[in-house]
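If you want the building blocks of each chain, they are given just below.
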Amino acid sequence: MFKRVLVANRGEIAVRIVRACRDLGIKAVAVYEPGDMGALHVRLADEAHPLPAPNSYRDPDEMLEVAKRLGVDAVHPGYGQVSEHVGFARACEEAGIVVVGPGSTVLEQTLDKVEAIRRVAAAGIPTTSPSTRAFAPDESEAILAEAEALGYPLLVKACSGGRGRGTQLVREPDQLLDTVRRSSAAAKAVYGNDHVYLEASVLPSRYVEVTILGDNQGNLVHLGDRDGSIQRNTRKIVEEAPMPSLTEAQRETIWATALQVARLFELRGVTTVEFVIDGEGRHAFTEVKPRVQVEHMATEMLTRIDIVREQLRLAAGEPLGLTQEQVRMRGVAILCRINAEDPWHGYMPSPGHITGFRLPGGPNVRVDTYAYAGAEVPVRYDSLLAKLVVWGATREEALLRVHRALQEFHISGVTTNLGLLRKLVSDDEFVLGHYTTEFSRRHLMDAPPPDDNLRDLAAVAAMAYLSRAQAGRPTTPPAFTSGWHHDSRRLPQ
Amino acid sequence: MSKLLVTIDGNEFEVEVLGPPGPDGFVRVTVNGEPLRVAVSSMAAPEAIAWAIVDTRPQELIVDHDLRWIQSSRGRHGIHVRDLEAAVARPASGDGRIKAPIPGLIRRLMVEQGQLVEAGQPVLVLEAMKMENEIVAPRAGTVASINVKLGQSVKLQEQLVEIA
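Please read these numbers as outputs of a predicted model, since none were measured by experiment.

*Asks:* Sorry if this is basic, but what is going on with the pattern of salt bridges here?
*Replies:* Any two side chains of opposite charge can pair if their charged atoms end up close together. Residues and elements named next belong to chain A. Enumeration according to the criterion identifies 53 salt bridges over all chains in this entry. With a shortest N-O distance of 2.9 Å, E209 and R226 are connected by a salt bridge. Separated by 17 residues along the polypeptide, E209 in strand β9 (residues 206–214) and R226 in strand β10 (residues 220–232) bring together distant segments of the chain. Side by side, E209 and R226 carry an identical accessibility label, which is buried. A salt bridge links E310 to R313, with the nearest nitrogen and oxygen atoms 2.9 Å apart. With E310 and R313 both in helix α11 (residues 307–315) and 3 residues apart, this pair spans about one turn of that helix. Judged on exposure class, the residue E310 and its partner R313 are both buried. Where salt bridges share partners, they join K113, K157, E199, E274, E287 and K289 into one cluster.

*Asks:* What should I look at first to understand the sheet that holds strand β13 (residues 122–128) of chain B in this one?
*Replies:* In sheet architecture, strand pairing relies on hydrogen bonds along the backbone and comes in two forms, parallel and antiparallel. Residue and element names in this part refer to chain B. Spatial strand order, β14-β13-β11-β16: 4 strands in an open sheet with antiparallel pairing. Two strands in the sheet have a free side with no partner beyond their single neighbour: β14 (131–136) and β16 (153–154). Of the pairings in the sheet, the one linking β13 to β14 comprises 6 bridges and is antiparallel in character. In the strand pairing of β14, L124 is matched with I135.

*Asks:* Looking at this structure, how should I read empty space enclosed by the protein?
*Replies:* Remark: the empty space left among the atoms is shown by a probe the size of a water molecule rolled over them. Tallied over the entire structure, the rule returns 3 cavities of 30 Å³ or more. Within this model, the second largest cavity holds a volume of roughly 50 Å³. What lines the second largest cavity is simply A:E33, A:N55, A:Y57, A:R58, A:Q81, A:R380, A:Y381 and B:K130.

*Asks:* Would you explain unusual backbone geometry in this entry?
*Replies:* Only a minority of non-glycine residues have a phi that is not negative, and only a minority of peptide bonds are not trans. Cis peptide bonds are those with omega within 30 degrees of zero, and the linkage from A:Y152 to A:P153 qualifies with -10°. Despite not being glycine, A:R304 shows a phi value in the positive range, around 60°. Looking at the element boundaries, A:R304 is found in the loop between α10 (296–303) and α11. What makes A:R304 exposed here is its relative accessible area of 52%. A positive phi angle is found at B:D9, which is not glycine, with a value near 45°. Within the fold, B:D9 resides in the loop between β1 (2–8) and β2 (11–17).

*Asks:* Looking at this structure, I do not really get the pairing of strand β1 (residues 4–7) of chain A. What am I missing?
*Replies:* Looking along a regular strand, one sees the side chains alternate between the two faces of the sheet. Residues and elements named next belong to chain A. Pairing between β1 and strand β2 (residues 27–32): 4 bridges, direction parallel. Its bridge partner being in β2, L6 is matched across the sheet by V29. In this fold, the crossover linking β1 to β2 by way of helix α1 (residues 11–23) has right-handed handedness. Bridge count for β1 against strand β4 (residues 74–76) is 3 bridges, and the pairing is parallel. The residue of β4 that forms the bridge with V5 is A74.

*Asks:* Please explain the environment of A:T355 as it appears in this structure.
*Replies:* Residue and element names in this part refer to chain A. Mapped onto the secondary structure, T355 falls in the loop between β17 (352–353) and β18 (356–358). For the pair formed by T355 and S412, sequence separation is 57 residues and the distance between their alpha carbons is 5.5 Å. Apart from the residues lying within four places of it in its own chain, the contact partners of T355 are A373, S412 and G413. At 3.3 Å, the side chain of T355 and the backbone nitrogen of G413 are in polar contact.

Basis of the calculations
Residues numbered from 1 in each chain as written. Chains lettered and ligands numbered in written order. Predicted model: local features only at pLDDT ≥ 70, side-chain atom pairs only at ≥ 80, totals over all residues. Heavy atoms only, no water. Salt bridge = Lys/Arg side-chain N within 4 Å of Asp/Glu carboxyl O. Helix = DSSP H or I, 4+ residues; strand = E, 2+ residues; numbered from the N terminus. Buried < 20%, exposed > 50% of the residue type's maximum accessible area, 1.4 Å probe, protein only. Pairing = 2+ DSSP bridges. 1 Å grid on protein atoms, 1.4 Å probe; cavity = no way out; pocket = protein on both sides within 12 Å on 5 of 7 lines; lining within 4 Å. Points joined across faces, edges and corners; volume = space filled by probe spheres on them. Right-handed = clockwise from strand over helix to strand, strands pointing away. Contact = heavy atoms within 4.5 Å. Polar contact = N/O pair within 3.5 Å; in protein donor to acceptor, adjacent residues only side chain to side chain.

Take a look at the structure:
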């Protein structure tokens, strides 16, 4: 097993990796960009080393230099940043540093998503229909011509990253180039790769993904399926495992196909194979994600397998030590991504100082986050603040629990999408489990919440008005202002 | 003693606050004539209200500093409060200045000086937190000035565009 592992990331995933390292008795080595010194992943690590410049987290040369200088056994790049950089992976391998994530050969085969689809199709597996190649964002004429051949509506997808970023549906030709530009910019901001490709859309569709563990001997097990159909503002925000409303036969077929794809690419460690399911229930391969995913916690709750721990173990060359029969998938897990953004105002990011932060608790509730009361949400990084996952023996139980946990979750100082998530998990279509990617078009934020007691809120609003009037008007009798706001709401006798 | 007209999502409530809180921490109020007791976590400022108990019903809340909305765990409600005893109503804000709601980089400018814009029309794209954020016109009018250039970094609250 490794002795020291460089955690080449920040935010909640870096905290997650630090924890997995420490659980295995491995020394976690954190790095930080200027201004990110006090971040939680740094505070919890065994060692902390500065990076010289802003944007070092996603600078492969800088990260490699640090890894070599510190003499670590392995680097865990998480997701985003340098996790899908072929050159970085290859240079690490040449320097004798293990990459806990996709190696250079796997990346070379999967990073070109168009080529990956072609290869899977050649093996006789049903796939989606992509454009003939990937495009730079400025190849306007070639992109328009390809789109015409594929037909509308179609998907614009970034070559790097996943549906959490950079995937957008285009319904009309006049939206195409603008969407390409935005997808490309979003992917470039996170992965440093601005290439995009097009894919014929399947509407209505559902997205299903299967996470797979593999060791160096080629043993593979799958960890069940997960639904990732729900997006908001082009980002996934709610995921559940297993996917609702799939028959057992469909599930078995999808699992088997995922394993077939994994064998085709000789996938190792932790990888995820993604499929689109059309209205008739037919599945088609769309992408391979050879790295740990943001939503891996949902599968962890379903199987009770610590995926990041397994990833470290497998990267160290240990055997899988687990047969498919030993993978138990029980109950239902629902995961919510809590972002520092304002769903009432176009999902504008909301950086700032977190003044209040209270986690939900109770059985079968887990939160992964880098945030705490007093933490900064930096303006320079992604707005993903926390991930909440709940588990229930049945879907009904999981739905009640996610509702309860979201109500308990309290964050003040920055605006979050908690209000949107609360609405989403109580939406009829979501509750029934028959949702598709079209769910993203539902206008959840437009109507005011129906079941509030407005009379009670009117009374509170009146109190709020008086509190402001009081603060701005020192002529208010002191008896009314003193002693009424902190420890006691009683007036001086 | 205050008499207020509170409008929530278009529903009007006349709220009378009958003095400071009693020894039990509750303030007596009437809403549309119906007596209620209300306790709030803090009276320091609207945004300091984190929870309230109305009669026996507790709930956690977030209240906008400018009292434009109140948020329960179920969602956000638009509110408007008017003091029925105040002589002058506050004028509505007619500010056409668009300021940066977040520090970031100007990625695109979608309007030109002198151009007519409608309320809600996108005027520029501000990149921040690895997202492109469309900034829209707060009201209809003419673009009186554009105070930023493409590619420029802007600070929080820096004026970007003015609509006259």
